[in-house]
Amino acid sequence: MLKDKTAVITGASRGIGAAIAEKMAQNGANIVILDIGNEDQATLLANKLESEYGVKSAVYMCNVTDFEQCKAAVTAITNDIGKIDILVNNAGITRDNLVLTMSESEFDAVMDTNLKGTFNMIKACSRGFLRQKSGKIINLSSISGIIGLPGQANYSASKAGVIGLTKAVAKELAGKNVCCNAIAPGFIQTDMTKNLPTDEYLKSIPMKRLGQTQDVANLALFLASELSDYITGEVIRVDGGLAM
């Protein structure tokens, strides 16, 4: 499905990003893992993808909050591997707190990584997409950015911003055959959600279970493939019906 395509996935050393990387490798894509601070874990994953699926995989260290680092990474990837076909903006952090006690640094850190980081990578890759007149951009938003969640003013704002960014970019690039869509996961079983009060959230989820990383990866595969060539500017929830 993705044979000979190259996918760049940020924050892909673990969790949803790692699941997306493996799903795309299973379907023939060469995988570039862009991460910060998890080089050993990212390298282990890259080696696994190469040995199990026969694709090329590489690791680049990059802080997505820094545009110059993003630009340099994209230039290096293009020089080393060739054109980028798929960009998955998955890197994200949380710094949960109530508005009354949330520090400026907690707000800024989440906005810089989740929203500005997504912008930085899109900007760095856009020229290549426009030149080749093709590309798939997949941004990870969240149901928190759709409905808002208490204690997550920073995270909700950043993920709502990702939705607006997705729609604006989709309109700007659609004429050059570049699709830009967002995935809004609900409560997915990852390290980021392991400390949440699961029993309380299950009461609000119509499907009565937490999501798995594969649930998100399956949608990412669809959005990266030719099956979604006429879909752009969409925000698709993977939440068991929570945000209906």
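Details of the structure are given in the entry above.
Here's a quick rundown of the structure. Since the model is a prediction, treat every value here as computed from it, not as a measurement.

**A look at the packing of helix α1 (residues 15-26) against helix α8 (residues 213-224)**
When two helices pack together, their arrangement is given by the angle between their axes and by how far apart the axes lie. Packing of α1 against α8 brings their axes to within 8 Å, and their N-to-C directions diverge by 50°. Relative to α8, α1 is oriented oblique. Judged by the sense of rotation from one axis to the other, the crossing of α1 with α8 is right-handed. Contacts between α1 and α8 involve Gly15, Ile16, Ala19, Ile20, Lys23 and Met24 on the former and, on the latter, Thr213, Gln214, Val216, Ala217, Asn218, Ala220, Leu221 and Ala224.

**Remarks on the nonpolar core**
Grouped together as the largest cluster of nonpolar side chains are 33 residues, with contacts concentrated most on Ile20, Met24, Ile31 and Ile183. Listing elements by their share of this core, those giving two or more residues are β1 (6-10), α1, β2 (30-35), α2 (39-53), β4 (86-89), β5 (135-140) and α8. Contact partners of Ile183, with chain neighbours within four places excluded, come to Ile138, Asn139, Leu140, Ser141, Ser142, Val216, Leu219, Ala220, Leu223, Ile236 and Val238. Val32, Ala73, Leu173 and Val178 belong to the second-largest nonpolar core, a separate cluster that totals 26 residues.

**Overview of the side chain of Ser144**
By the element assignment, Ser144 lies in helix α5 (residues 144-147). What makes Ser144 buried here is its relative accessible area of 1%. Among the polar contacts listed, one links the side chain of Ser144 to the side chain of Gln152, at a separation of 3.1 Å. Setting aside residues up to four positions removed in sequence, Ser144 forms contacts with Leu149, Gln152, Tyr155 and Ser156.

**Re the sheet that holds strand β3 (residues 57-61)**
With parallel pairing, the 7 strands of this open sheet are ordered in space as β3-β2-β1-β4-β5-β6-β7. The open sheet has two edge strands, β3 and β7 (235-238), and neither has a second partner. Taking each pair of neighbouring strands and ignoring which way they run, the sheet shows an average axis angle of 20°. Relative to β5, β4 is paired through 4 bridges, and the arrangement is parallel. Looking at β5, one finds that Val88 is bridged to Ile138. Docked against the sheet, helix α4 (residues 104-132) engages β1, β2, β4, β5 and β6 (178-185), running at close to 175° with respect to β4.

**Points about the environment of Val216**
Here Val216 shows up in helix α8. In this structure the C-alpha to C-alpha distance between Val216 and Val169, which are 47 residues apart in sequence, comes to 22 Å. Those residues in contact with Val216 that sit more than four places away from it in its chain are Ile16, Ile20, Leu140, Ile183, Pro185, Ile188 and Val238.

Rules used throughout
- Residues numbered from 1 in each chain as written.
- Predicted model: local features only at pLDDT ≥ 70, side-chain atom pairs only at ≥ 80, totals over all residues.
- Heavy atoms only, no water.
- Axes fitted to C-alpha atoms, helices over the stretch in contact; angles between N-to-C directions.
- Helix = DSSP H or I, 4+ residues; strand = E, 2+ residues; numbered from the N terminus.
- Parallel < 35°, antiparallel > 145°, perpendicular 65-115°, else oblique.
- Left-handed = near helix turned anticlockwise from the far one by under 90°.
- Contact = heavy atoms within 4.5 Å.
- Core = buried A, V, L, I, M, F, W, Y, C linked by side-chain atoms within 4.5 Å.
- Buried < 20%, exposed > 50% of the residue type's maximum accessible area, 1.4 Å probe, protein only.
- Polar contact = N/O pair within 3.5 Å; in protein donor to acceptor, adjacent residues only side chain to side chain.
- Pairing = 2+ DSSP bridges.

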